[in-house]
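# Analysis of the macromolecular model
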Amino acid sequence: MHLRDATRDDMAEILEIYNQVLRDSTAIYDDTPSTLEARHAWFAERQEKGFPVLVVEDDGRIVGFGSYGPWRARWGYRFTVEHSVHVHIDHRGTGVGGMLVRALIGHAKQAGMHVMVGGIDAENVNSIRFHERLGFVEVGRAQQVARKFDRWLDLVTMQLFLDDASVSA
């Protein structure tokens, strides 16, 4: 497996992973599949603002992608970022997510960020434990803030102080 910066040419495979996660899980609180045009616009906006978009490639195929962006729009939050990582269904539990999050942590530290935040569906215990192993701690739990698959969903907010973060976790 190989970690690298994403390119425009990766957007079709990123779209495939994104839409599968959206369709089959509560990791994305939305019900409308993305389009290739929307993924290109998302990628262009990330690049324009200096935020990374990373992919993990295995045998010439994209098996996961990740990025971070602003947590909130206001000026005072400029040192806090929110990350998002999605892994192809056939490659979950193989280390792809860890490669991506560790790389995003390293990038954010080099960019002078102070805190990285992640929003995780409360039922996704594997993702919560994964983040805990990387040093993230739960700082909030918002109950029934989203609805998908005909049920209410709780959102767990986890954060990592980047000043203290070890990317070797």
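The structure displayed is predicted, hence computed values, not measured ones.

## A few points about the overall build of the protein
When its secondary structure is counted, the protein shows four helices and seven strands. At 15 Å, the protein has a C-alpha radius of gyration in line with the 15 Å of a compact globule built from 169 residues. The principal-axis extents of the C-alpha atoms in the protein amount to approximately 40 × 35 × 35 Å. Across the 169 residues of the protein, 41% fall into the buried class.

## Topic: the packing of helix H1 (residues 11-24) against helix H2 (residues 36-48)
As a packed pair, H1 and H2 sit with axes 9 Å apart at the nearest point and diverge in direction by 110°. Comparing their axes, H2 and H1 come out roughly perpendicular. Contact residues: H1 offers Met-11, Ala-12, Ile-14, Leu-15 and Tyr-18, while H2 offers Leu-36, Arg-39, His-40, Trp-42 and Phe-43. Of the residues belonging to the contact of H1 with H2, the class tally is eight nonpolar, one polar and one charged.

## Comments concerning the layout of surface pockets
If a probe as big as a water molecule is rolled over the atoms, it shows which places are left empty. The computed volume of the largest pocket comes to approximately 1300 Å³. What lines the largest pocket is a set of 46 residues, among which Ala-27, Val-85, His-86, Ser-127 and His-131 lie closest to the centre. Elements supplying a minimum of two residues to the lining of the largest pocket: H1, H2, strand S3 (61-70), strand S4 (80-87), helix H3 (96-110), strand S5 (115-121), helix H4 (125-133) and strand S7 (151-161). Looking at side-chain class alone, the lining of the largest pocket contains 17 nonpolar, 20 polar and nine charged residues.

## With respect to the nonpolar core
Tyr-68, Val-81, Ile-105, Ala-108, Met-116, Phe-136 and Leu-162 are the most contacted members of the largest nonpolar core, which totals 24 residues. Looking at this core, the elements that each hand over two or more residues are strand S2 (53-58), S3, S4, H3, S5 and S7. Among the elements that make up this core, the one with the highest residue count is H3 (six residues). Excluding anything up to four places from it in sequence, Val-81 contacts Phe-51, Tyr-68, Gly-69, Trp-71, Ala-108, Met-113, Val-115, Met-116 and Val-117. Core analysis: the second largest hydrophobic core is formed by 14 residues, Ala-6, Ile-14, Val-21 and Ile-62 among them.

## Looking at the UniProt feature "domain: N-acetyltransferase" (unreviewed entry) in the protein
UniProt tags residues 1-163 as "domain: N-acetyltransferase" (unreviewed entry). Between the end C-alpha atoms of residues 1-163 there is a gap of 28 Å, over a span that is 31% helix and 36% strand.

What counts, and where the lines are drawn
- Residues numbered from 1 in each chain as written.
- Predicted model: local features only at pLDDT ≥ 70, side-chain atom pairs only at ≥ 80, totals over all residues.
- Heavy atoms only, no water.
- Helix = DSSP H or I, 4+ residues; strand = E, 2+ residues; numbered from the N terminus.
- Rg over C-alpha atoms; globule rule 2.2 N^0.38 Å.
- Buried < 20%, exposed > 50% of the residue type's maximum accessible area, 1.4 Å probe, protein only.
- Axes fitted to C-alpha atoms, helices over the stretch in contact; angles between N-to-C directions.
- Parallel < 35°, antiparallel > 145°, perpendicular 65-115°, else oblique.
- Contact = heavy atoms within 4.5 Å.
- Nonpolar A, V, L, I, M, F, W, Y, C, P; charged D, E, K, R; others polar.
- 1 Å grid on protein atoms, 1.4 Å probe; cavity = no way out; pocket = protein on both sides within 12 Å on 5 of 7 lines; lining within 4 Å.
- Points joined across faces, edges and corners; volume = space filled by probe spheres on them.
- Core = buried A, V, L, I, M, F, W, Y, C linked by side-chain atoms within 4.5 Å.
- UniProt positions renumbered as here; feature names shortened; annotations may be inferred.

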